[in-house]
Amino acid sequence: MILIAASTKDLASVNIARQVLTNYPFKPIKKGVYTAEVSGRKVELVMLDEELVYAQNVAELYPLIDLIIFISRHSSLSGTPTLSVHTPGNLGNADLGGTPKKVSIAPANAMKSALSTMAKLAEEKDLNYKVCYECTHHGPSLDIPAMFAELGSTPKEWEDIKAAEVVAHAAMKTVEDFGQKVSKTVLGIGGPHYNEKFTKMALEGDIAFGHIIPKYAISQIDETVLRQCSEKTLEKVEFAVLDWKGIKGEDKPYIVEMLEKIGLKFQKT
């Protein structure tokens, strides 16, 4: 089963969920829970009464989940209109939900499907939104494949029904494609929180990113966390892609040494 999780405490999440229910044949099961069959697979949409970053117990409430898609708002100080995807989990401290130094399982091809759909529809609808990967950050930290599909970055965008519809279609295209499309899966390291290089590589080539470790987090991680980012990816990670200019000089030998210790090849970009 695939679970789409929304939050009643999140305006963007509510608007995205409404677009899913408006455009796809979901039927109510009980208050706040809807079901549909998509491409022969059972899908449920649930409205949670908590912020999604704190939904640490969702897997216990819904066992046998193949994938969970959190549809959520995105916030940033820049206020840039953004459509983004990422895997939840904490590379270091658990400042916003989840467990310290524990990441969720990254569904690389599912995230690529959502990213590609966002880019395509944003262009078709002439929406002035940045489409991008975000790095792995915030809770929950789950032992199941999990991803966020987000709409941001201010209340103005959270209320944008056209943009909410794009995220809804991206989530459902991810459901339809799940388990079918297989691009080369990699681990991304370096660069900013929103890595445009990695986004471009995924949108233009046959490559899908699982976990992404940004420049600011490299000095905080250790070999155990790095190994976890490689192993807690739904598909086999073939190598790491290093945003070489986006890594501090003092961190370059450190990350290369750790990659060699865990036996993961790497390429510089």
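Attention in this report is confined to the structure presented alongside it. (Residues numbered from 1 in each chain as written. Predicted model: local features only at pLDDT ≥ 70, side-chain atom pairs only at ≥ 80, totals over all residues. Heavy atoms only, no water.)

This part takes up the pairing of strand β11 (residues 239-242). Where burial is concerned, the two faces of β11 agree: the one with F239 and V241 and the one with A240 and L242 are both buried. Of the strand pairs in this sheet, β11 and strand β12 (residues 266-268) are connected by three bridges, and their pairing is parallel. The residue of β12 that forms the bridge with A240 is F266. Remark: the β11/helix α8 (residues 252-262)/β12 crossover connection has right-handed handedness. (Buried < 20%, exposed > 50% of the residue type's maximum accessible area, 1.4 Å probe, protein only. Helix = DSSP H or I, 4+ residues; strand = E, 2+ residues; numbered from the N terminus. Pairing = 2+ DSSP bridges. Right-handed = clockwise from strand over helix to strand, strands pointing away.)

A word on the pattern of salt bridges. Opposite charge on two side chains lets them pair, provided their charged atoms get close. Counted according to the given criterion, the structure contains 13 salt bridges. Of the charged contacts, one joins K42 and E44 as a salt bridge, the two residues approaching to 3.2 Å between their closest N and O atoms. What makes K42 partly exposed here is its relative accessible area of 45%. Each of the salt bridges in this network shares a partner with another, and the network as a whole consists of D10, E51 and R73. (Salt bridge = Lys/Arg side-chain N within 4 Å of Asp/Glu carboxyl O.)

A separate point is the sheet that holds strand β1 (residues 2-7). A sheet is described by the order of its strands in space; here eight strands give the open sequence β2-β3-β4-β1-β5-β8-β6-β7, paired in mixed fashion. If you trace the sheet from one side to the other, it starts and ends with β2 (27-30) and β7 (130-133), each paired once. For this sheet the average axis-to-axis angle between neighbouring strands, irrespective of direction, equals 25 degrees. Looking at chain direction, strand β6 (residues 82-86) and strand β8 (residues 146-153) are connected through five bridges and run antiparallel. (Axes fitted to C-alpha atoms, helices over the stretch in contact; angles between N-to-C directions.)

Let us now look at the sheet that holds β11. The parallel open sheet is built from four strands, whose spatial order is β10-β9-β11-β12. Edge positions in the open sheet fall to β10 (207-213) and β12, since each of these has one partner strand only. Strand-to-strand twist across the sheet, computed as the mean angle between neighbouring axes with direction ignored, equals 30 degrees. Where strand β9 (residues 184-189) lies against β11, four bridges are found, and the strand directions are parallel. Residue pairing across strands places I189 opposite L242, the latter belonging to β11. Taken strand by strand, helix α6 (residues 196-204) contacts β9, β10 and β11, and its axis lies near 160 degrees from that of β10. (Contact = heavy atoms within 4.5 Å.)

Looking now at helix α5 (residues 161-177). Between the first and last C-alpha of α5 there are 24 Å, a value that for 17 residues agrees with the 24 Å anticipated at 1.5 Å per step. By the criterion of burial, α5 is predominantly enclosed, with 13 of the 17 residues buried. Once α5 finishes, G179 follows within two positions and takes phi at roughly 85 degrees, a positive value. (Expected span 1.5 Å × (residues − 1).)

This next bit is on the packing of helix α3 (residues 108-124) against α5. How two helices sit against one another is set out by the angle between their axes and by the gap between those axes. As a packed pair, α3 and α5 sit with axes 8 Å apart at the nearest point and diverge in direction by 140 degrees. Put simply, α3 runs oblique to α5. Where α3 crosses over α5, the two elements pack in a sense that is right-handed. From α3, A110, S113, A114, T117, M118 and L121 reach across to α5, where they touch V166, V167, H169, A170, K173, T174 and D177. Residue classes in the contact of α3 with α5 are distributed as seven nonpolar, four polar and two charged. (Parallel < 35°, antiparallel > 145°, perpendicular 65-115°, else oblique. Left-handed = near helix turned anticlockwise from the far one by under 90°. Nonpolar A, V, L, I, M, F, W, Y, C, P; charged D, E, K, R; others polar.)

What is shown is where atoms sit, not what they do.
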